[in-house]
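A structural walkthrough
What follows is each chain in one-letter form.
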Amino acid sequence: MTPAVDRENVPLMRLGRILAVLFVLGILGLGGAYAYYDKAVTTPVDASAKKVEFEVKKGATLNSVGKQLEAEGLIASATLWRVYLKLHATAPSPKAGRHEVSASMNVPELIETLAGAPIPDDVPLTMVEGWRLVDADAALAEKGLIEAGAYIEAASDPSRFTIPFPAPPGTLEGYLLPETYAVPPGKLDVDKLIQRQIGAFHRRFVKPHAAEIEKSGRTLDDIVKVASLLEREEPNPETRPKVAGVMYNRLDSNTPLGIDATSRYTLENWNERKPFLAKLRDPNDPYNTRLKSGLPPTAIGAASLPSLLAALRPEPSKYWYYLHDSKRRIHFARTAEEHEANRKKYNVW
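What this report covers is the structure whose coordinates are included nearby. Every value quoted in this text rests on a predicted model; they were computed, and no experiment measured them. (Residues numbered from 1 in each chain as written. Predicted model: local features only at pLDDT ≥ 70, side-chain atom pairs only at ≥ 80, totals over all residues. Heavy atoms only, no water.)

1. A closer look at the overall build of the protein
- Of the regular secondary structure elements, the protein holds 14 helices and 6 strands.
- Within the protein, the fraction of its 349 residues that count as buried is 38%.
- Put simply, the protein shows about 20,100 Å² of open surface, and 55% of that area lies on carbon and sulfur atoms. (Helix = DSSP H or I, 4+ residues; strand = E, 2+ residues; numbered from the N terminus. Buried < 20%, exposed > 50% of the residue type's maximum accessible area, 1.4 Å probe, protein only. Areas by Shrake-Rupley, 256 points an atom, 1.4 Å probe, with all protein chains shown as cover.)

2. Points about the pattern of salt bridges
- All chains considered together, the criterion is met by 16 salt bridges.
- Between lysine 57 and glutamate 55 there is a salt bridge, and its shortest N-O distance comes to 3.6 Å.
- For aspartate 122, the salt bridge identified is with arginine 98, shortest N-O distance 3.5 Å. Here arginine 98 lies in strand 2 (residues 97-101) and aspartate 122 lies in the loop between helix 4 (107-114) and strand 3 (123-126), a separation of 24 residues in the sequence.
- When its relative accessible area of 34% is taken as the criterion, aspartate 122 is described as partly exposed.
- The class for arginine 98 is buried, based on a relative accessible area of 16%.
- Overlapping salt bridges, with partners in common, bring together Glu53, Arg98 and Asp122 in one network. (Salt bridge = Lys/Arg side-chain N within 4 Å of Asp/Glu carboxyl O.)

3. Looking at the side chain of serine 304
- Structurally, the position occupied by serine 304 is in the loop between helix 12 (273-280) and helix 13 (305-312).
- Ignoring sequence-local partners within four residues, the contact set of serine 304 consists of Glu129, Pro178, Glu231 and Arg240. (Contact = heavy atoms within 4.5 Å.)

4. A look at the layout of surface pockets
- In this structure, the largest pocket spans a volume of roughly 1,000 Å³.
- Those elements that provide at least two residues to the lining of the largest pocket are helix 9 (220-233), helix 10 (240-252), helix 11 (260-264), helix 12, strand 5 (321-324) and helix 14 (336-346).
- Looking at the lining of the largest pocket residue by residue, the classes come out as 15 nonpolar, 4 polar and 10 charged.
- Estimated volume of the second largest pocket: approximately 530 Å³.
- Lining the second largest pocket are 15 residues; nearest its centre among them are Glu53, Glu100, Pro184, Lys192 and Arg196. (1 Å grid on protein atoms, 1.4 Å probe; cavity = no way out; pocket = protein on both sides within 12 Å on 5 of 7 lines; lining within 4 Å. Points joined across faces, edges and corners; volume = space filled by probe spheres on them. Nonpolar A, V, L, I, M, F, W, Y, C, P; charged D, E, K, R; others polar.)

5. Examining helix 4
- Looking at helix 4, one finds that the buried residues are Val107, Leu110, Ile111 and Leu114. Axial view of helix 4: buried residues confined to an arc of 100 degrees, hence all on one face.
- With a side-chain oxygen lying 2.9 Å from the backbone nitrogen of glutamate 109, the N-terminal cap of helix 4 falls on asparagine 106. (Arc of directions from axis to C-beta. Polar contact = N/O pair within 3.5 Å; in protein donor to acceptor, adjacent residues only side chain to side chain.)

6. Let's talk about empty space enclosed by the protein
- One pass over the structure, following the stated rule, counts 2 cavities of 30 Å³ or more.
- Taken as a whole, the largest cavity encloses approximately 90 Å³ of empty space.
- The volume enclosed by the second largest cavity comes to roughly 50 Å³.
- Along the walls of the second largest cavity sit Pro168, Thr171, Glu173, Tyr175, Asp221, Val224, Lys225, Pro297, Thr298 and Ala299, which together make up its complete lining.
- For the lining of the second largest cavity, the residue count by class is 5 nonpolar, 2 polar and 3 charged.

7. Digging into the packing of aromatic side chains
- Across all of its chains, the model carries 7 aromatic pairs by this definition.
- With 5.5 Å between their ring centres and 65 degrees between their planes, tyrosine 175 and phenylalanine 201 make a pair best called edge-to-face. Here tyrosine 175, found in the loop between helix 6 (150-155) and strand 4 (180-183), pairs with phenylalanine 201, found in helix 7 (residues 190-206); they are 26 residues apart in sequence, far enough to count as distant. Phenylalanine 201 shares its class with tyrosine 175; the two are buried.
- Relative to phenylalanine 332, the ring of tyrosine 319 lies with its centre 5.3 Å away and its plane at 35 degrees, an arrangement referred to as tilted. Of this pair, tyrosine 319 sits in the loop between helix 13 and strand 5 while phenylalanine 332 sits in strand 6 (residues 330-333), and the two are 13 residues apart along the sequence.
- Overall, the relative accessible area of 27% leaves tyrosine 319 in the partly exposed class.
- Connected via pairs of aromatic rings, a cluster forms that spans Phe165, Tyr175, Phe201 and Phe205. (Phe/Tyr/Trp six-rings, centres within 6.5 Å; stacked < 30°, edge-to-face > 60°.)

8. Quick look at helix 13
- Burial analysis of helix 13 places 6 of its 8 residues in the buried class, the great majority of the element.
- Looking only at helix 13, the buried set comprises Leu305, Ser307, Leu308, Ala310, Ala311 and Leu312.
- Where helix 13 is buried, its residues contact helix 7, helix 8 (210-216), helix 9 and helix 10.

9. Description of the packing of helix 9 against helix 13
- Closest axis-to-axis distance for the helix 9/helix 13 pair is 8 Å, and the angle between their directions is 120 degrees. Taken together, the axes of helix 9 and helix 13 are oblique relative to one another. The two elements helix 9 and helix 13 cross, and the hand of that crossing is right-handed. Two secondary-structure elements touch here, helix 9 through Ile223, Val224, Val226, Ala227, Leu230 and Glu231 and helix 13 through Ser307, Leu308, Ala310, Ala311 and Leu312. (Axes fitted to C-alpha atoms, helices over the stretch in contact; angles between N-to-C directions. Parallel < 35°, antiparallel > 145°, perpendicular 65-115°, else oblique. Left-handed = near helix turned anticlockwise from the far one by under 90°.)

10. What to know about the packing of helix 7 against helix 13
- As a packed pair, helix 7 and helix 13 sit with axes 11 Å apart at the nearest point and diverge in direction by 50 degrees. Relative to helix 13, the element helix 7 lies oblique. The chirality of how helix 7 crosses helix 13 is right-handed. For the pair formed by helix 7 and helix 13, the contact residues are Phe201, Arg204 and Phe205 on the first element and Leu305, Leu308, Leu309 and Leu312 on the second.

Given below as structure tokens:
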């Protein structure tokens, strides 16, 4: 015999079952939400991303940092950033300044990194126009920024660097743009400095003038060599295109350039007179442009942008000679006779 059902308790029983189901669903929902949250904050946006600089502004709030991280693609959501910080009240606060971070870091790793010591403020480093690799190395070593020889060694092995233009295999002489770079204080990372110089050379000269370089009919290497000669030969940037025209007149006719600066290039001290005079008489010196036609084997120093542009845009003329007087003023000549007359007139020998 079936027991009688207490009809008055049926609604209560149904309500209990419904509440029990809702409770279970709530637990499952919370568990699912937490699983999503946990995966989101522990999974980086891009596991293969490289490091970038991220600056925490002075007075920035944690919420504003999260928005900035999201805007720069370093985290997936500023909301999850805020949730993480609410659940981890003891998380350290970011420190104002520049930090090296990456989209390959998850939220906890980013917070830990941003709470660490920021990158020291950069200091200016001027690489001087006309410097040879040996000059740059000596100057950097004298300041205690590198070990002596480190700059020359690195710049003599182009395979160590990413070079987006054709460059000679044995040296980067002439391809490292001389300008003022902002660098971290203390010892220099030589490879990073040279890579930045390569990048500056490409960004400021090769890339914007690529079509003009190709149209010139001259190789990039020839242009770089001529630019390095101009840097040493003519102190006035406005006159360099005219001097370049003289150089190309001689080069195109296979006439020796007769530029003494090339014979100084391999000297330990640029201004050593006795070794220099010996170089001028040495027919076996590949840098002797008095006795040999054509350009020297390499550039003879770091050319500035004005010199590079002058080598790219020579001013055509009928001049084949030039000299500087005692006040460094330049005088051009069309013939050897005119040039000799200028020598006598300005007492230049």
